[in-house]
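Given next are the chains, with one letter for each unit.
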Number of protein chains: 2
Amino acid sequence: MNLNALRKVEYGMFIVSSNYGEKKNGQIVNTMFQVTAEPCCIAVSINKKNLTHEFIEKSGKVTVSILSQETPMTFIGKFGFKSGRDTDKFKDTNAIVGVTGAPIVTDFAVGYLEGTVSQRVDAGTHTIFLVIVAGAEVLNDKVPMTYSYYHTIKGGLSPKNAPTYIKP
Amino acid sequence: MNLNALRKVEYGMFIVSSNYGEKKNGQIVNTMFQVTAEPCCIAVSINKKNLTHEFIEKSGKVTVSILSQETPMTFIGKFGFKSGRDTDKFKDTNAIVGVTGAPIVTDFAVGYLEGTVSQRVDAGTHTIFLVIVAGAEVLNDKVPMTYSYYHTIKGGLSPKNAPTYIKP
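Visitor: Looking at this structure, how should I read the overall build of chain A?
Guide: Looking only at helices and strands, chain A has 3 helices and 9 strands in total. Along its sequence from the N terminus, chain A presents helices and strands in the succession β-β-β-β-α-β-α-β-β-β-β-α. Taken over C-alpha atoms, the radius of gyration comes to 15 Å for chain A, in line with the 15 Å a tight globule of 168 residues would show. The principal-axis extents of the C-alpha atoms in chain A amount to approximately 40 × 35 × 35 Å. Relative to its 168 residues, chain A shows a buried fraction of 55%. Sequence-distant contacts in chain A: of pairs separated by 6 or more residues, those separated by 24 or more amount to 65%. As displayed, chain A offers around 7,000 Å² of accessible surface, 51% of which is attributable to carbon and sulfur atoms. Looking at charge distribution, chain A has the averaged site of its 18 positive side-chain charges lying 10 Å from that of its 14 negative ones.

Visitor: Would you explain the sheet that holds strand β3 (residues 32-36) of chain A in this entry?
Guide: Two modes of strand pairing occur in sheets, parallel and antiparallel, and in both the strands are linked by backbone hydrogen bonds. Residues and elements named next belong to chain A. Strand order across the open sheet formed by 7 strands is β2-β1-β5-β8-β9-β4-β3, with antiparallel pairing between neighbours. In this open sheet, the two strands that pair with only one neighbour each are β2 (23-29) and β3. Each adjacent strand pair in this sheet contributes to an overall mean axis angle of 35 degrees, direction not counted. Packed onto the sheet, helix α2 (residues 73-80) meets β1 (14-20), β2 and β5 (61-67) and runs at close to 120 degrees relative to β2.

Visitor: Would you mind going over the environment of Cys 40 of chain A with me for this structure?
Guide: Positionally, Cys 40 of chain A belongs in the loop between β3 and β4 (41-47). Classification of Cys 40 of chain A by relative accessible area gives buried; the value is 10%. Placed 39 residues apart in sequence, Cys 40 of chain A and Met 1 of chain A show a C-alpha to C-alpha distance of 36 Å. Once you skip the residues sitting within four places of it in the chain, Cys 40 of chain A turns out to touch Gln 34, Val 131, Ile 132 and Val 133 of chain A together with Leu 3 and Leu 6 of chain B.

Visitor: Looking at this structure, I do not really get the side chain of His 53 of chain B. What am I missing?
Guide: You can see His 53 of chain B is positioned in helix α1 (residues 51-59). Leave out the neighbours within four places in its chain, and His 53 of chain B touches Ile 46, Asn 47, Lys 48, Thr 127 and Phe 129 of chain B.

Visitor: Teacher, can you tell me more about the relation of the copies chain B and chain A here?
Guide: Mapping between the two copies of the chain is achieved by a rotation about an axis and a shift along the axis. Its rotation angle being 180 degrees, the transformation that places chain B on chain A also includes 0.0 Å of axial translation and leaves an RMSD of 0.0 Å. The superposition operator between the copies reduces to a two-fold rotation axis. It is Tyr 11 of chain B whose C-alpha, among those of chain B, lies nearest the rotation axis, at 2.4 Å.

Visitor: What's the story with the pattern of salt bridges in this structure? I'm lost.
Guide: Opposite charge on two side chains permits pairing when their charged atoms draw close. Residues and elements named next belong to chain A. Following the criterion strictly, the structure yields 12 salt bridges over all chains and no others. Here Glu 70 makes a salt bridge to Lys 142, at a shortest N to O gap of 3.3 Å. Of the two residues, Glu 70 is situated in the loop between β5 and α2 and Lys 142 in the loop between β9 (126-138) and α3 (147-153); the sequence distance between them amounts to 72 residues. Ionic contacts of the salt-bridge type, sharing partners, join the residues Glu 54, Lys 58 and Arg 85 into one network.

Visitor: Which parts of the structure should I look at to understand the confidence of the model for chain A?
Guide: Any region with low pLDDT has predicted coordinates that should not be read closely. In the predicted model, chain A carries a mean pLDDT of 93, and 98% of its residues have values of at least 70. The complex model carries a pTM of 0.93, and its ipTM stands at 0.91.

Visitor: Quick question: what am I supposed to make of empty space enclosed by the protein here?
Guide: Here the idea is plain: a probe the size of a water molecule rolls over the atoms and shows the empty space left. In this structure the tally under the stated criterion is 1 cavity of 30 Å³ or more. When its volume is computed, the largest cavity comes out at roughly 40 Å³. Secondary structure elements with two or more residues in the lining of the largest cavity: β3 of chain A together with β3 (32-36) of chain B. Its residues assigned to classes, the lining of the largest cavity comprises 6 nonpolar, 4 polar and 2 charged.

Visitor: Just to check I follow, could you spell out the sheet that holds strand β9 (residues 126-138) of chain B for this structure?
Guide: All names here are of chain B. Pairing within the open sheet is antiparallel, and its 7 strands lie in the order β2-β1-β5-β8-β9-β4-β3. The open sheet is flanked by β2 (23-29) and β3, the only strands paired with a single partner. Averaged over neighbouring strand pairs, the angle between their axes works out to 35 degrees when direction is ignored. The sheet contact formed by strand β4 (residues 41-47) and β9 spans 7 bridges and is antiparallel. Of the residues in β9, the one forming a bridge with Asn 47 is His 126. Against the sheet, α1 touches β1 (14-20), β2, β4, β5 (61-67), β8 (109-123) and β9, its axis set at about 55 degrees to β1.

Definitions and cut-offs
- Counting restarts for each chain: residues are numbered from 1 in the order of the written sequence.
- Note on labels: chains are lettered from A, ligands numbered from 1, in written order.
- In view of the model being predicted, local features appear only for residues whose pLDDT reaches at least 70, and side-chain atom pairs are presented and counted only at 80 or more, with totals across whole chains, interfaces and linings using the full set of residues.
- Side-chain figures throughout are based on the complete set of non-hydrogen atoms in the structure, without hydrogens or water.
- Secondary structure follows DSSP: runs of H or I at least 4 residues long count as helices, runs of E at least 2 residues long count as strands, and numbering of each begins at the N terminus.
- Only C-alpha atoms enter the radius of gyration, while the globule expectation follows 2.2 Å times N to the 0.38, with N the number of residues.
- Per-residue accessibility, obtained with a 1.4 Å probe over protein chains only, is compared with the maximum for each type, and a residue is labelled buried under 20%, exposed over 50%, and partly exposed between these values.
- Residues are treated as being in contact if the distance between any of their heavy atoms lies within 4.5 Å.
- Surface exposure here means Shrake-Rupley accessible area, sampled with a 1.4 Å probe, where a residue is shielded only by the protein chains that are shown.
- Under the convention used here, Asp and Glu are negative, Lys and Arg are positive, and both His and the chain ends fall outside the count.
- For the purpose of locating charges, the reference atoms are NZ of Lys, CZ of Arg, CG of Asp and CD of Glu.
- Paired strands are those between which DSSP finds at least two bridges.
- A fitted line through C-alpha atoms represents every axis, and for helices the fit uses only the stretch in contact; the resulting angles, taken between N-to-C directions, go from 0 to 180 degrees.
- Least-squares fitting of one copy onto the other uses the C-alpha atoms of those residues that reach a pLDDT of at least 70 in both copies.
- A side-chain nitrogen of Lys or Arg and a carboxyl oxygen of Asp or Glu constitute a salt bridge if their distance falls within 4 Å.
- How sure the predictor is of each residue is captured by pLDDT, a score from 0 to 100.
- Both site types are read off a 1 Å grid over the protein atoms alone. A 1.4 Å probe that fits but cannot get out defines a cavity, while an open set with protein on both sides within 12 Å along at least five of seven lines defines a pocket; lining residues have an atom within 4 Å of a point.
- Grid points are joined across faces, edges and corners, and a volume is the space filled by probe spheres set on the points.
- Classes in brief: Ala, Val, Leu, Ile, Met, Phe, Trp, Tyr, Cys and Pro nonpolar; Asp, Glu, Lys and Arg charged; the others, Gly included, polar.

Written out as structure tokens, the structure reads:
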């Protein structure tokens, strides 16, 4: 078995955010896909240890910002390699509030989706949240970032909490 | 709400296959992601109407061939726009059998994953199958195809049964 095959799987790059009252948090996610067209439903896999997971559990709200290829590594580092328990990721970050009331990061985003959790699937270290889409907008025509672009062109890594972490 | 935002979401392109005894079938899928690293678990969303869904339900076996950018439209058409109820998709298709016993398409594949269903999530028109990976191999170093490459470079469409179908 050669698990390097997993490195051939393509993904987009997203910031998934949620809030609990006034508290806001978001994190880098590559594991997001559309599940059904009617109703429009997406699925996202989030590590149970993450603060964003806690906020999604509490509020049932999820927003997904679709990142552009231009997203700098410093920005990915802020949302991907730091915990919202130690730092306010939304300080100096442009965000809007849509129909769900949860924050939507607009920096380096080409568009976004937002909605309410309809199902939670316990997958061990991670929960898969199924989210009925209630809002969606296109922000610009820039090229979305792929996970392979992040790895091969940007030289990016995957944190240990990621679903797609592979032991070096 | 502008659901064209969904068109900005990147995916890979895969053939998901299964079997029921001697009967084999497979279909094009873009909605596949890794859920957890330990155990290595992937999720795939399949329309309940599809023959591959029926075979996965019966056998609990899933294989995923990761398609290269070179995959011709005729091959995608064979696995993506035809039903295995009307045609034998594995006729004139190169496939191997791995550890699960289910067929793995190797034509135009850069690698593959295979495993056994651990959870079924009813998502309305589709089922999300969680699959514990039991086998995986890299077949070559070719570039994997992305969904946006399929749409923008190849001019490909999405069938009505796809999770990511958007009304024109």
